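Chain by chain, the residues:
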Amino acid sequence: MPEKSPLTVRWNKLVLKAIQLTRTSPPLAARCLAMAHTAMYDAWSVYQPNAISITTARYIKHHDDCGDDDMPRAISYAAFAVCTHLFWLALPPEHRNIFRKLMEESDYDPDDRSVDTVSPQGIGNLVARLLIEYRSGDGANEQGIFHHAAPLADYTGYVPKNPPLPAPVKNVNYWQPQTGADGKPQTFLLPHWPLVKPFALHYAWEFRPTAPYNTKDNPVEFRKQVEEVYNISQALNPMQKAIAEYWADGAGTVTPPGHWCEIAQYLADTHCKDYSESDSVKLFFALCNALLDASIACWDAKRKYNSVRPITAIREFLRKRDWNPYIPTPPFAEHTSGHSTFSRASAVILKNFTGSDEFGAAGVLEKGSSVIEPGKPLEDIQLTPWKTFTAAAEEAGMSRIYGGIHFRKGNEDGQRMGEQVGARVWEKVQFYFNDK
C-alpha cells in the first residue's frame, strides 16, 4: 500500500467511517456516497476542459494561472461541505470533527464558507451548495431519516401484509416483521426508496425482475427454494460461515456499498503509480452513483413484491418452528438480494473502469472476529481468491444464501439486475467524462 492514499480515497474512507459510526442503512449509505463523490467530481470538472458537471458548475471554468493545489483544494471543500451537511448532527459528539481534521491536515481552513468562484475553496463550496439543493427534493426524505424516528421517513403509507411475530402468518408468500428480544417489531426499512431520483435509470422499475416464487403460482419451485436454504443452513462448513459473515458486515463498513468502496480503495491504492487523482475522482463518481441506482432498483423490487424471508417460509411451510438463520434477518422483504444487486453493479463499474474483469484479491475473516459466534474463528480464514470482480459479486450473493436470509432466485435476479444497472450507469458517466 502507498504511504499516502489519493485525496479522493481519503475522503471516501472518512465517509465510510461516518456511515459506520451512524449505522447508516445500505440505501442511505449509497446516497451519501453518491452525493459526496458527485460533489468531488463536480469540483474536479471545473478544472477539466471537456468534463461535464452534474450541477451548474459546468458554467464555471478555472483560470489559466491556477496552482497545482487548486483542484485538490476545491475537491476537499466540496467534500467537506457535503459530508458535514449529511452527517454532522447524526455523528456521536466525540466524532463530529472527523471531517475538519482532514481539512486541517491538508492546511485548508474548514471555516471558509466563501462561494466566490475566483478561489478553489469558493468553487468547492458553491458546488456543494448546488448539489445539496439538487438532492434536497429527490424523494429520499433526508431529514426524516437522519433526524427523526425511522417510521417518519416513509411517506407512502406502507403497511405489511402479515402482522409481526408472534402473531400468526396470514399469507406465507409475504414478508412478516420479526420481533426482537426487546419486544419491538421490525419496521420495513425505507419503503419509499423506489421514489428517490436515480442517477442514470429512467425510472426505478426499469429493470424490475419477474416475481419471486410463491405457493399459488409456483408451488414446486417455492418448496425447492425453501428446502434448499434449510438444507444448506444445516450443513454450513467453516468456509461458508466465514463467507456469510465476511460479506454481512462489509469488513466493518456496515453496508455492501461500503465494502465495494473498500475494494475500489484497494484498486486506487495499489495502482497509485498509474492512477492520477483524476482517475480516482472518476472511479468513485461512477461506482457510488451505480450503488445509488442499485439501491433504488433493488428497493423497488422489495417494495413491489413484499416477499417472504426464509425465516418465515421455513418455520411456516416446513414446520421448522425453532429454525433461525445464521445471519439475522434484515427488516425488509426478500426479493431481490441487496448484496447481489449492489455487488454486481459495482463489479460492472470496476470491470469497465480497469478494462478487465481480472481481480485476484481475497478477503479474510480474522481470528476471533465473528459477531455470530464470539471467539471464532480460532484462526484467520482466508476466502478463496476472487479471480474476477464478477466472482467477488457472485460470492457476495451466495453469502446471503449461506446466511439463511435469501433464496437462490433472489440472488440470481439481483445479480441480473445489478448487471443492467451497472451497464446503464457506466454508459451515463461516459457522457459526463466526455473524454476526447
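Keep in mind that this is a model prediction, so the values were computed, not measured.

What to know about the overall build of the chain
A count of helical and extended segments in the chain gives 14 helices and 2 strands. By its C-alpha atoms, the chain is 75 × 45 × 45 Å across when sized along the principal axes. Sorting the 436 residues of the chain into buried and exposed places 58% on the buried side. A separation threshold of at least 6 residues defines the contact pool for the chain, and within that pool the share at least 24 residues apart is 76%. Roughly 18,600 Å² of accessible area belongs to the chain as shown, and the carbon and sulfur atoms make up 50% of that amount.

Looking at the packing of aromatic side chains
Across all of its chains, the model carries 26 aromatic pairs by this definition. Centre to centre, the rings of Tyr77 and Tyr108 are 6.0 Å apart; their planes meet at 40°, and the pair counts as tilted. Of this pair, Tyr77 sits in helix H3 (residues 70-87) while Tyr108 sits in the loop between helix H4 (98-105) and helix H5 (120-136), and the two are 31 residues apart along the sequence. Overall, the relative accessible area of 1% leaves Tyr77 in the buried class. The exposure class of Tyr108 is buried, given its relative accessible area of 7%. Consider the rings of Tyr266 and Phe359, whose centres lie 6.2 Å apart with planes at 75°: the pair is edge-to-face.

A word on the side chain of Asn214
Assignment of secondary structure puts Asn214 in the loop between helix H6 (142-147) and helix H7 (219-234). A distance of 2.9 Å separates a polar atom in the side chain of Asn214 from the backbone nitrogen of Lys216.

Structural notes on helix H1 (residues 7-22)
Over its 16 residues, H1 extends 23 Å from the first C-alpha to the last, a length consistent with the 22 Å expected when each residue adds 1.5 Å. All buried positions along H1 are accounted for by Leu7, Thr8, Val9, Trp11, Asn12, Leu14, Val15, Leu16, Ala18, Ile19 and Thr22. Those residues of H1 that are buried are in contact with helix H2 (26-45), H3, H4, helix H9 (256-270) and helix H10 (277-305). Once H1 finishes, Arg23 follows within two positions and takes phi at roughly 55°, a positive value.

Looking at unusual backbone geometry
The omega torsion across Leu165 and Pro166 is 10°, close enough to zero to call that bond cis. With respect to the helices, strands and loops of the structure, Pro166 is situated in the loop between H6 and H7. With an omega of 5°, the peptide bond running from His335 to Thr336 counts as cis. Of note, Thr336 is situated in the loop between helix H11 (310-317) and helix H12 (338-354). With a phi close to 50°, Leu190 is a non-glycine residue in the positive phi region. As for its placement among the helices and strands, Leu190 is situated in the loop between H6 and H7. Here Asn306, not a glycine, exhibits a phi torsion of approximately 50°, which is positive. Within the secondary structure, Asn306 sits in the loop between H10 and H11.

Let's talk about the pattern of salt bridges
Close approach of charged atoms allows side chains of opposite charge to pair. Applying the stated rule across the entire model yields 19 salt bridges. Measuring nitrogen to oxygen at the nearest pair gives 3.9 Å for the salt bridge that ties Lys13 to Asp269. With Lys13 in helix H1 and Asp269 in helix H9, this residue pair connects regions lying 256 residues apart in the sequence. The closest approach of N and O atoms between Asp138 and Arg31, which form a salt bridge, is 2.9 Å. Of this pair, Asp138 sits in the loop between H5 and H6 while Arg31 sits in helix H2, placing them 107 residues apart in sequence. Judged by relative accessible area, which is 1%, Arg31 ranks as buried. Via salt bridges that share partners, Arg31, Arg135, Asp138 and Glu142 belong to a single interconnected network.

Conventions adopted
- Residues numbered from 1 in each chain as written.
- Predicted model: local features only at pLDDT ≥ 70, side-chain atom pairs only at ≥ 80, totals over all residues.
- Heavy atoms only, no water.
- Helix = DSSP H or I, 4+ residues; strand = E, 2+ residues; numbered from the N terminus.
- Buried < 20%, exposed > 50% of the residue type's maximum accessible area, 1.4 Å probe, protein only.
- Contact = heavy atoms within 4.5 Å.
- Areas by Shrake-Rupley, 256 points an atom, 1.4 Å probe, with all protein chains shown as cover.
- Phe/Tyr/Trp six-rings, centres within 6.5 Å; stacked < 30°, edge-to-face > 60°.
- Polar contact = N/O pair within 3.5 Å; in protein donor to acceptor, adjacent residues only side chain to side chain.
- Expected span 1.5 Å × (residues − 1).
- Salt bridge = Lys/Arg side-chain N within 4 Å of Asp/Glu carboxyl O.

Honestly, that's just the spatial picture; any functional story needs more than this.
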